[in-house]
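Results of the structural survey
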Amino acid sequence: MKFWSQYFIPTLKESPADAEIASHKLLIRAGLVRKLGGGLYTYLPLGLRVMQKLTQICREEMERAGAIELQMPLLHPAENWVHGPRWAAAREIMFRADSAGEGKRSPREPEYVLGPTHEEIITPLVKAEITSYRDLPKNFFQIATKFRNEIRPRFGLMRAREFVMMDAYSFDATDEGSVKSYHAMKAAYEAFFRRIGATAIAVEADTGVMGGSFSHEFMVPAEIGDDDVIYNEESGYAANREKATSGLVPKDLPDAAPAGGLEEFATPGVLTIAALEAAPHSVPADRQFKTLVYVGDGKPFLVILRGCDELEETKLGSLGFTVFRPATPEEIEPVMGARPGSLGAVRGTAKNFPALAGVFADQAIRLVGNGVTGANKDGFHLRNVNVSRDLAVTKFGDFRRVRPGEPDPRSGAPLKVRRGIEVGHIFKLGTKYSEIFGAAYTDDQKQNHPMVMGCYGIGISRTLQAIIEQGHDADGIVWPWAVAPFQVLICLLDPQLPEAMELARTLGAAAEAAGAEVIIDDRAERPGVKFKDADLIGVPLRLTIGGRGLKDGIVELKWRAAKDIAKVPVAEAEAQLAAAVREGQAKA
RNA sequence: CGGGGUGUAGCUUAGCCUGGUAGAGCGCCUGGUUUGGGACCAGGAGGUCGCAGGUUCGAAUCCUGUCGCCCCGACCA
């Protein structure tokens with residue numbers, strides 16, 4: 001039992017100017033966190049209590065799923081990363097940590113980095129400690145602080161530079177075993193989000209810089225989310241926009257027959273899809289081939305899309321380059337022989353085709369069949385370009401961005417889009433890390449094999465804010481029972497009355513006996529202030545004791561989420577409060 | 001890193017265009033009156049106007065630079 005006057009809950013009437021969204025304002029107004037700097041937050045007592053609830057529930061669900069808790073350093077020797085598979089990409093978001101001593105010049109390369117995640121640490125550990133199939137599978141997890149030098153921290157805890165994450169790493173002998181571990185984690189995640197009272201849906205996702213073979217993100221639907229989820233309720237399809245695909249191109253689509261010979265025509269000053277659509281050329285965007293030049297691991301490559309489609313850059317990750325970026329005009333001209341606006345992938349038209357690492361075509365260009373593309377000669381385009389006859393395609397793939405309304409790949413029904421907050425992510429990694437770090441085991445035939453890995457993360461601190469974003473009203477936070485900093489708030493309107501204080505203690509003890517955590521607002525404040533603060537901090541169950549009610553022999557019981565207030569005779573208060581606590585627990 | 005915005009008391013801000021004593025509300029302290037949905041009265045403390053230069057008799061205000069923060073974009077739990 002805590003007494004508000006002795007505790008520390010600095011609430012604010014007004015939102016700080018730098019908070020923009022509801023959950024961020026409430027985090028600060030309700031006295032959960034305070035900002036130290038961009039993306040850095042102190043957890044005040046109330047915020048810490050919620051974090052502890054979340055970590056405990058997370059721990060329980062991970063252990064229930066068979067994962068084993070450990071704790072790794074937050075400060076990593078840089079060499080672990082330098083020798084890993086993603087140093088080039090990962091270093092961009094890592095903080096370096098070297099001696100701060102005056103006069104000690106930091107070396108060109110960092111000695112230590114602050115850990116953004118722990119594959120590079122756990123895999124060498126497992127390599128050293130586990131060598132037999134008898135010791136597999138294993139799944140290790142920790143709940144710890146992560147550091148990422150986000151280019152743009154945002155919305156309080158939503159995207160912070162320092163945040164709390166549960167991260168888990170599974171090691172299996174076989175691919176089937178790894179799939180099983182993956183599904184065990186997916187089930188554990190679902191149980192976790194259910195228990196904390198959050199709505200989070202699993203969606204198919206891109207594997208990004210993690211690499212690996214497949215993955216799901218857990219998304220909390222919210223307008224302020226950073227991600228677009230493409231979905232269709234009936235078929236159950238749900239995917240991050242970066243990963244989403246559609247049934248736009250029929251699987252049995254035959255290759256289009258050539259419509260005529262290649263013809264070059266002059267298009268002076270026409271440099272965009274839109275310009276070619278306009279008169280006098282009047283080529284619809286869906287009859288054009290768009291040719292983009294990228295640089296992957298130092299070599300240029302081409303991507304061909306329909307003129308009406310947008311590239312989903314993330315999908316280029318499937319091509320296997322460690323890092324890639326759009327090419328600059330200076331890089332394009334020597335290879336293609338033309339500047340952007342007149343580029344194409346027709347055989348024999350580029351100046352230096354062999355310099356290309358490949359020509360990757362989105363499969364939707366097959367819908368174009370015969371179309372128009374740049375001639376690799378400034379001011380000229382080609383018509384009657386036939387996909388199979390003329391384009392020098394290395395490989396077809398899915399590179400376009402899906403649009404709402406396109407057919408669901410499963411059912412053909414129109415796809416929809418909504419925003420979401422990514423609170424968790426699970427990856428089936430395969431053997432990418434185990435091969436590089438040499439994490440192998442010996443099977444019962446004395447054969448060595450790389451372990452098959454999976455990795456799994458839940459943004460605990462981000463989840464905290466997502467819960468607020470999902471559960472608030474005009475007056476403040478509405479905490480789910482399981483994660484509320486306290487479950488019962490006793491609003492003691494007249495703390496100076498000894499009998500009121502005595503009753504508050506008695507009822508508080510009764511609520512605790514029933515399994516709730518109790519805070520008594522015993523401050524010398526006016527009732528209005530206490531009610532406003534009670535709504536703001538969002539404790540699920542409020543019991544009000546006032547001198548006025550006591551004269552009539554009643555106290556009041558109110559759920560934060562509901563409007564109605566129950567008047568309860570003092571004689572029954574203990575029993576009814578205990579019953580309400582049990583009700584809250586049952587719902588959680 | 002590109003684009004936009006913003007820095008004045010613990011918080012929210014006015015003043016800046018048009019240079020001349022830095023003002024309010026909340027919060028805080030003292031006293032009093034109040035007491036069921038952010039009370040009222042009286043008194044009080046609290047500011048190097050982000051920082052550094054410059055222009056000027058004089059700069060919160062104009063100029064230059066710099067730093068922090070916020071928002072939009074690319075990335076992520």
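Please read all numbers here as calculations on a predicted model, not as lab measurements.

Before going further, it helps to examine the domain arrangement of chain A. Domain boundaries assigned for chain A yield domain 1 (2-74 + 115-246 + 417-468), domain 2 (75-114), domain 3 (263-397) and domain 4 (486-587). If you average the C-alpha positions of domain 2 and of domain 3, the two centres end up 39 Å apart.

Another point: the packing of helix 2 (residues 45-64) against helix 12 (residues 460-470). Between helix 2 and helix 12, the shortest axis-to-axis distance is 10 Å and the interhelical angle comes to 115°. When the interaxial angle is binned, helix 2 and helix 12 end up roughly perpendicular. By crossing handedness, the relation of helix 2 to helix 12 is classed as right-handed. When helix 2 is examined against helix 12, the residues Gly-47, Val-50, Met-51, Leu-54, Thr-55 and Cys-58 are found in contact with a partner set consisting of Ile-460, Ser-461, Thr-463, Leu-464 and Ile-467. Of the residues contributing to the contact of helix 2 with helix 12, the split by class is seven nonpolar, four polar and no charged.

This part takes up the pattern of salt bridges. If you walk through the whole model with that rule in mind, you get 39 salt bridges. The salt bridge involving Asp-226 is made with Arg-154; its shortest N-O contact spans 2.3 Å. With Asp-226 in the loop between strand 10 (214-221) and strand 11 (227-232) and Arg-154 in the loop between strand 7 (138-147) and strand 8 (162-172), this pair connects stretches of sequence that are 72 residues apart. Accessibility expressed as a relative area gives 37% for Asp-226, which makes it partly exposed. Since its relative accessible area comes to 18%, Arg-154 is described here as buried. Between Arg-523 and Asp-533 there is a salt bridge; the shortest N-O distance is 3.0 Å.

We now examine the protein's contact with RNA strand B. Inspection of the region around RNA strand B gives 46 residues, with Ala-17, Arg-148, Arg-154, Asp-535 and Glu-556 positioned closest. Lys-13 places a polar side-chain atom, nitrogen or oxygen, 3.2 Å from a sugar or linking oxygen of RNA strand B. Asp-533 is positioned such that a nitrogen or oxygen atom in its side chain is 3.1 Å from a base nitrogen of RNA strand B. Contributions of two or more residues to the surface near RNA strand B are made by strand 8, strand 21 (416-430), helix 14 (527-537) and helix 15 (547-551). With seven residues, helix 14 is the largest single contributor of residues to the surface near RNA strand B. Of the residues contributing to the surface near RNA strand B, the split by class is 15 nonpolar, nine polar and 22 charged.

Definitions and limits used
Residues numbered from 1 in each chain as written. Chains lettered and ligands numbered in written order. Predicted model: local features only at pLDDT ≥ 70, side-chain atom pairs only at ≥ 80, totals over all residues. Heavy atoms only, no water. Domains from an automatic or database assignment. Axes fitted to C-alpha atoms, helices over the stretch in contact; angles between N-to-C directions. Helix = DSSP H or I, 4+ residues; strand = E, 2+ residues; numbered from the N terminus. Parallel < 35°, antiparallel > 145°, perpendicular 65-115°, else oblique. Left-handed = near helix turned anticlockwise from the far one by under 90°. Contact = heavy atoms within 4.5 Å. Nonpolar A, V, L, I, M, F, W, Y, C, P; charged D, E, K, R; others polar. Salt bridge = Lys/Arg side-chain N within 4 Å of Asp/Glu carboxyl O. Buried < 20%, exposed > 50% of the residue type's maximum accessible area, 1.4 Å probe, protein only. Near = heavy atom within 4 Å. Polar contact = N/O pair within 3.5 Å; in protein donor to acceptor, adjacent residues only side chain to side chain.

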